[in-house]
Amino acid sequence: MRPPAILVFLGVLLPASQILAFKANDFKTCAQSGFCRRGRALSARALAAGSSWRSPYSIDPSSILLAPDQASFTASVKSALYPEVNFGLDVRLHDDGVVRVRMDETGGLRKRYDEAANWALVAPPRISRDIVWKVGKGAVHAVYGEKKNIEVVIEFDPLRVTLLRDGVEQVVLNDRGLLHMEHFRTKDDTKPVTIQDGEGEAQTTLQLNNRAWFEGEEQDAWWEETWSSWTDSKPKGPESLSLDVTFPNHRHVYGIPQHATNLSLPTTTGPDAGYTDPYRLYNSDVFEYLVSSPVSLYGSVPLMHAHNAKSTVSIFNAVGSDTWIDVGRTETGTETHWISESGILDVFLLPGPTPTDIFAQYTRLTGAAPLPAHWALGYHQCRWNYVSSDDVRSVQKRLDNENMPVDAFWLDIEYSEGHKYFIWDKKNFPDPVEMIKDVEALERRMVIIVDPHFKRDSSYAVYKAASELDTLVKPKSGSGEYEGWCWPGSSSWIDFFNPKSWDMWVSFFKTKSVEGRWSWIESTENVGIWNDMNEPSVFNGPEISMPRDNVHYGGWEHRDVHNINGMLFANQTYNALMHRSDPPKRPFVLTRSFYAGSQRFGAMWTGDNVGTWEHMAVGIKMVLANGLGGFGFGGSDVGGFFGNPDPEMLVRWYGVGAFSPFFRAHAHIDSKRREPYLLDEPYKSMLRDILRLRYTMLPVWYMAFKEMSATGIPILRPQYVVFPGDSEGFAVDDQFYVGSSGLLVKPVTTRGATSASVYLSDPQIYYNYFTSHAYPAPAKRAAHGRTVTVPAALPQIPVLIQGGSIVPTRERPRRSSALMRNDPFTLRVALSSDGSATGEVYLDDGEGYGYTSGEFVWRQFGAETKKGGWGKGEELKIWSKDQAMQGGSNDVVYKPANAFAESVLGVRVERVIVLGVGLRPTVVSVNGASTVEWEWQGGIGYGATTESRAGVLVIRDPAVGIASDWQIAVVF
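Residues numbered from 1 in each chain as written. Predicted model: local features only at pLDDT ≥ 70, side-chain atom pairs only at ≥ 80, totals over all residues. Heavy atoms only, no water.

J.: Would you explain the overall build of the protein chain in this entry?
T.: Across its full length, the protein chain holds 16 helices and 56 strands. By the compact-globule yardstick of 30 Å for 972 residues, the protein chain fits well, its C-alpha radius of gyration being 30 Å. Referenced to the eigenvectors of the C-alpha coordinate spread, the extents of the protein chain come out at roughly 115 × 70 × 55 Å. Residues counted as buried form 62% of the 972 residues belonging to the protein chain. Taking as baseline every contact in the protein chain between residues at least 6 positions apart, the subset at least 24 positions apart corresponds to 70%. Here the protein chain contributes 96 positive and 113 negative side-chain charges, whose respective centroids are spaced 5 Å apart. (Helix = DSSP H or I, 4+ residues; strand = E, 2+ residues; numbered from the N terminus. Rg over C-alpha atoms; globule rule 2.2 N^0.38 Å. Buried < 20%, exposed > 50% of the residue type's maximum accessible area, 1.4 Å probe, protein only. Contact = heavy atoms within 4.5 Å. Lys, Arg positive; Asp, Glu negative; His and termini not counted. Charge placed at Lys NZ, Arg CZ, Asp CG, Glu CD.)

Now the structure itself:
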């Protein structure tokens, strides 16, 4: 979020034309970053040298030390450039096959920052006890895996690490010899060697640099760096880390969010490079960002997936500093080059071999997303700013009058007095608690913004407490408080690396004062929190952020922890909300800035987008990429933060939002009001229908979140994740599957569209969700998938159901999701090409943590047709059984008759819709006895070969419970 169009900013009047546009000059390019220049120059020298290039790093074989249990080994590493400098290598295998490779400078002048993984990892990884390392003359290697087909090889000279599967190289570290850890030194150490040449008056002094072949001739920005009007003092000198990571047999790479670009990452090097600069990971406050760019945005997850038709492999590079990543293609694979400003080498090699395996391996490292509060999956209404208590009440009333469901109302920074967060502006919000309770009375929630900068005002209790506790970030001197400029004016920033800040933050969110400390008593236990500006954004700082030589707890410079900083803010807010009530309720925290592991603490959004078709489209790709990075609970601001979208664009954007994990409409303070009830007809009714569609499908979304919380697999799944063997789908990023539901969605993101082309990878029948039109499986199996044309005239959303799926919905219109808790279900049974189908539904109280002790309902639905095709006497059976009893909940003590299950015994299935029924049934019965009312609409069956409308069987009120075992029999 950035200033409004006309704003007195630091004493200067800025017109809209200067504010509301991406300003490239606010951010460095690689050529303007000293350590990135050095890294790219190193790569260029290696390329020019060709086969004569050789990495100077090698392992001393005599130093190899195997752990007593063989789980890991350590060794000394030397650089031929600096023989006197020592490096240590530690390689270990986890029990799930992940390989961790760490290298650090040992015995140096200073300690390198080595705590990034401590913040990212959910727990210390479990080390394998079944590994046997074998030390040879030139390498150490280990073979492992159930099939003993995975091998890791660490070569001595030069140092090279390779992960292989079935003898095929999957990922290689230092394959191109670009590894370089700039060691700590003094300025005196960097003086060149001088020799005298000649005699007498003819004598000259020559300076030799025998390292120039590798490091270059110049000490480029080693000790100080000036950019624009800022100077970075660099008191520690050069300390960057360069590492090349090669995927020799994988030509598609994904991940490293957050960037506005294609899902399959375009190249940054080579003759056909998509970009000229590397991808950057440096959390930044970028407004109106470009829609195709390697520029870093608000979050950084240093995780990259590489994929081909036979395997998926991934690397997680646990570094928290500014990092640039070049991507290049070879004939068979991908070469990447990672250049970081500081930190140790701490790389995790995730062996896969499938996308699902990768998600599980990464989740075991960095943790799973928690199951969110159910209301958080509904529609969120936001704006900068709702200007008063009455404004909030008015918006709620207007939505209710128009029968538009909503679950949350948001307040941006203007609720606070002088932008002092937690402190209400009583002129406009005279009754904050009453206002919040008015919203909660309809089982909705308020979400209120709290930013990480505090107004430097001794009368502001929050700032005063943080200052007295000495928990604010310090300037480069290491003493006092850093002072920068943000929304309140002169501000300081809380340092969440300091453990003393954690209890203080918990106390702030209490709704009752504890031991006389200040607490937010003008709040409630149900309020959600929005953490913005936590990159951190500093209006008068370099690259609109904090100086890199600022000092955090432990003496670490900001450069070391920049990308981690924003995560800790959201982490501690989540922790504070957890401790706000007893028993605890599931917190809701939205963060703009994030890092690896942030998925454990809430949701994210894609920042300050613009109301354009291009931003609508790239937002889908960004949410998909964040899902690959472990952060599946995300979305883009519906309508665009900036601008005034026309009705057609707004309807389409609501269609995108309704199929995003996080569904929020938001707008800039200078934009026109665009709440959905303000549109003229027919657009207003279109938005109402889209909102209701979201609520109808909440069971689908909750099940997808449940699965993500258990396995790490993203909620929105790209084509290659669902069909990893179909190379035609590897670059598809404008459509996706919602969880395991079988719903395939391709949102419309172009003006005037009347149809959409949807790519289908599998030889399976698909059905239009809204019209039941069937797209049969091809009669002959093809090498790749097929493309079908789906109607998409406004307001249609191309949504297909994959044959073989059972989709649970709740069709009763309600004002909020909580009011649906006792509503009946509809089941859509989309018969596969062999007449079968499966699906699931998961229910719990949606608010507390009873589900962790078995308080839930988890049902599996199935359908099966007797073999032989449609004919006299054949039968279709549809059933429900307890999925938790099938071994799906081994991690909790589960009893079918738990308290929550008992509370929903009266919730029934009111309708079963079966798609692909080609013949009229003769009898429909339930549990072998009672017959029920049904209707058959003629059409093609699941085994048809020609596209047409499917036959549909509608079974009305079969009188079965959603939490019960039952069986429906359909006889033909």
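J.: Can you help me understand the packing of aromatic side chains in this one?
T.: Geometrically, a pair of aromatic rings is defined through the distance of the ring centres and the angle of the planes. Using the criterion set out here, one finds 59 aromatic pairs in the structure. Measuring from ring centre to ring centre gives 5.4 Å for Phe 594 and Phe 631, while their planes differ by 85°; the resulting arrangement is edge-to-face. Taken together, the positions of Phe 594 in the loop between strand S33 (589-591) and strand S34 (603-605) and Phe 631 in the loop between helix H11 (613-628) and strand S35 (634-635) put the pair 37 residues apart, joining distant regions of the chain. Of the two residues, Phe 594 and Phe 631, both sit in the buried class. Lying across the ring of Trp 222, Arg 185 places its NZ or CZ 4.6 Å from the centre. Its guanidinium or amino end placed over the ring of Trp 410, Arg 664 lies 4.7 Å from that ring's centre, counting from NZ or CZ. (Phe/Tyr/Trp six-rings, centres within 6.5 Å; stacked < 30°, edge-to-face > 60°. Lys NZ or Arg CZ within 6 Å of the ring centre and 35° of its normal.)

J.: Whenever I open this one, the sheet that holds strand S29 (residues 453-455) confuses me. Can you help?
T.: One key point about sheets: their strands pair by backbone hydrogen bonds, in either a parallel or an antiparallel sense. Strand order in the open sheet made by the three strands is S29-S31-S30, with antiparallel pairing throughout. The open sheet terminates on both sides in strands that have one partner only, identified here as S29 and strand S30 (484-486). This sheet shows a mean twist of 60° between the axes of neighbouring strands, independent of strand direction. Looking at chain direction, S29 and strand S31 (residues 489-493) are connected through three bridges and run antiparallel. Residue pairing in the sheet places Lys 455 in a bridge with Ser 491 of S31. (Pairing = 2+ DSSP bridges. Axes fitted to C-alpha atoms, helices over the stretch in contact; angles between N-to-C directions.)

J.: I would appreciate a short explanation of the nonpolar core in the present structure.
T.: The tendency in soluble globular proteins is for nonpolar side chains to be buried side by side. Phe 316, Trp 505 and Phe 659 are the most contacted members of the largest nonpolar core, which totals 208 residues. With nine residues, helix H10 (residues 558-578) is the largest single contributor of residues to this core. Every residue in contact with Trp 505, bar those within four places of it in the chain, is listed here: Phe 422, Val 450, Phe 454, Ile 494, Phe 496, Phe 569, Gln 572, Thr 573 and Ala 576. Core analysis: the next-biggest nonpolar cluster, separate from the first, contains 57 residues, Val 101, Ala 142, Leu 243 and Tyr 275 among them. (Core = buried A, V, L, I, M, F, W, Y, C linked by side-chain atoms within 4.5 Å.)

J.: What should I look at first to understand unusual backbone geometry in this one?
T.: Most peptide bonds take the trans configuration, and most residues that are not glycine carry a negative phi. The omega torsion of the bond from Asp 157 to Pro 158 falls at 0°, within 30 degrees of zero and hence cis. Among the secondary structure elements, Pro 158 is positioned in the loop between strand S10 (150-155) and strand S11 (160-165). Cis geometry marks the peptide bond from Trp 384 to Asn 385, where omega comes out at 10°. Following the sequence through the fold, Asn 385 ends up in the loop between strand S26 (379-381) and helix H6 (389-401). A positive phi angle, near 70°, is found at Ser 772, a position not held by glycine. Residue position: Ser 772 is located in the loop between strand S41 (766-768) and strand S42 (773-775). Overall, the relative accessible area of 10% leaves Ser 772 in the buried class. Phi at Asn 927 takes a positive value of approximately 55°, unusual for a residue other than glycine. Secondary-structure assignment places Asn 927 in the loop between strand S51 (923-926) and strand S52 (930-931).

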